[in-house]
Amino acid sequence: MPPFARTRMLFYFSTMKNILLLLCLAIVQSSFAQSNIDATVAIKELKNGAMVVNLIHPTKKIEALLASGRKEESIALQESVMQDHKDLINAFTQNYSFSKLLFVYSTDMGKLADGDASVLFSASGNAQSSLPETIYFVELAKTEEQSLNGLVVKDKNRDPLAKPFPYFVSQYAFLRIKKRTYNDMTEELNRRLTDFYRHINN
């Protein structure tokens, strides 16, 4: 192969390698997407809007258990999820006071995205007739950057907010040894939101 052709081939492969590397980096960054809403704007919008607790329902897991003939396990899982939802609703009701508080089941998120306010309900179970001016979500999830479970506050597109907004409360305290209860987590979230709001208004 002539030296000129070899040089062109090496340049071609080097260019393709760089393009693939950039594509991989773009994919990684998109999977770790966080909201670009300014923290000061977000905390003020939340204060005047509503925090919607997204109650996650493991529909696919339950369907998989049923499909494999494990009916008793699917029933047990559904009962466990229902109790978990009750505990989370009670914890938020008792400890959250920073803004208006509403709840939605994850299975109704599509309807909510279409503007159906009736899927939102209060702690007393009352369905809503209209959507709040601004909605922020909070749900039990895992942070992408730290792989920690806890309460994660997200914007209307369900992208996690970013620091300095206090968007995350870990399920674990004291060097990840002690596990927090839902009461502990919701109380801590409310305190952090309140403190941050006071800080930006001083």
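This text follows the structure it describes.
As a convention, each chain's residues are numbered from 1 in the sequence order in which they are written. Local features in this predicted model are restricted to residues whose pLDDT is 70 or higher, and side-chain atom pairs enter the listing and the counts only when it is 80 or higher, whereas totals over whole chains, interfaces and linings include all residues. Hydrogens and water molecules were not included; the side-chain quantities draw on all heavy atoms of the structure.

*Asks:* Sorry if this is basic, but what is going on with unusual backbone geometry here?
*Replies:* Following Lys 163, the chain continues into Pro 164 via a peptide bond in cis, with omega recorded as 15°. Despite not being glycine, Arg 158 shows a phi value in the positive range, around 65°. Along the polypeptide, Arg 158 turns up in the loop between β4 (149-154) and β5 (168-170). A run of H or I in DSSP counts as a helix once it spans at least four residues, and a run of E counts as a strand once it spans at least two, with each numbered from the N terminus.

*Asks:* For this particular structure, what's the right way to read the packing of helix α2 (residues 39-48) against helix α6 (residues 182-200)?
*Replies:* A pair of packed helices is characterised by two quantities: the angle between their axes and the separation of those axes. Lines are fitted to the C-alpha atoms to define the axes, a helix being fitted only along its stretch in contact, and any angle between axes, read from their N-to-C directions, falls within 0 to 180 degrees. Look at α2 against α6: their axes get within 10 Å of each other, and the N-to-C directions meet at 115°. When you trace α2 past α6, the crossing you get is left-handed. In this structure, α2 uses Ala 39, Thr 40, Ile 43, Lys 44, Leu 46 and Lys 47 to contact α6, whose residues at the interface are Leu 193, Phe 196, Tyr 197 and Ile 200. Residue classes in the contact of α2 with α6 are distributed as seven nonpolar, one polar and two charged. In this scheme, a crossing is called left-handed if the near helix is turned counterclockwise away from the far one by less than a right angle; it is called right-handed if the turn is clockwise. When checking whether two residues touch, look at their non-hydrogen atoms; a contact exists if any pair is within 4.5 Å. Residues are sorted three ways: Asp, Glu, Lys and Arg are charged, Ala, Val, Leu, Ile, Met, Phe, Trp, Tyr, Cys and Pro are nonpolar, and all the rest, Gly among them, are polar.

*Asks:* Looking at this model, I keep getting lost on the sheet that holds strand β1 (residues 50-55). Mind explaining?
*Replies:* Whenever strands of a sheet pair, they do so through backbone hydrogen bonds, lying parallel or antiparallel. For two strands to be treated as a pair, DSSP must find at least two bridges joining them. Read from one edge of the open sheet, five strands run β2-β1-β3-β4-β5, paired in mixed fashion. Two strands bound the open sheet, and with one partner strand each, they are β2 (100-105) and β5. Sheet twist, expressed as the average angle between the axes of neighbouring strands with direction ignored, equals 20°. The strands that α6 touches are β1, β3 (135-142), β4 and β5; relative to β5, the one it contacts most, it runs at about 145°.

*Asks:* So what exactly am I meant to see when it comes to the environment of Asn 149 here?
*Replies:* Its place among the elements puts Asn 149 in strand β4. As a C-alpha pair, Asn 149 and Tyr 172 span 23 residues in sequence and 8.0 Å in three-dimensional space. Filtering out sequence-adjacent residues up to four positions away, Asn 149 remains in contact with Ala 141, Lys 142, Phe 168, Ser 170 and Gln 171.

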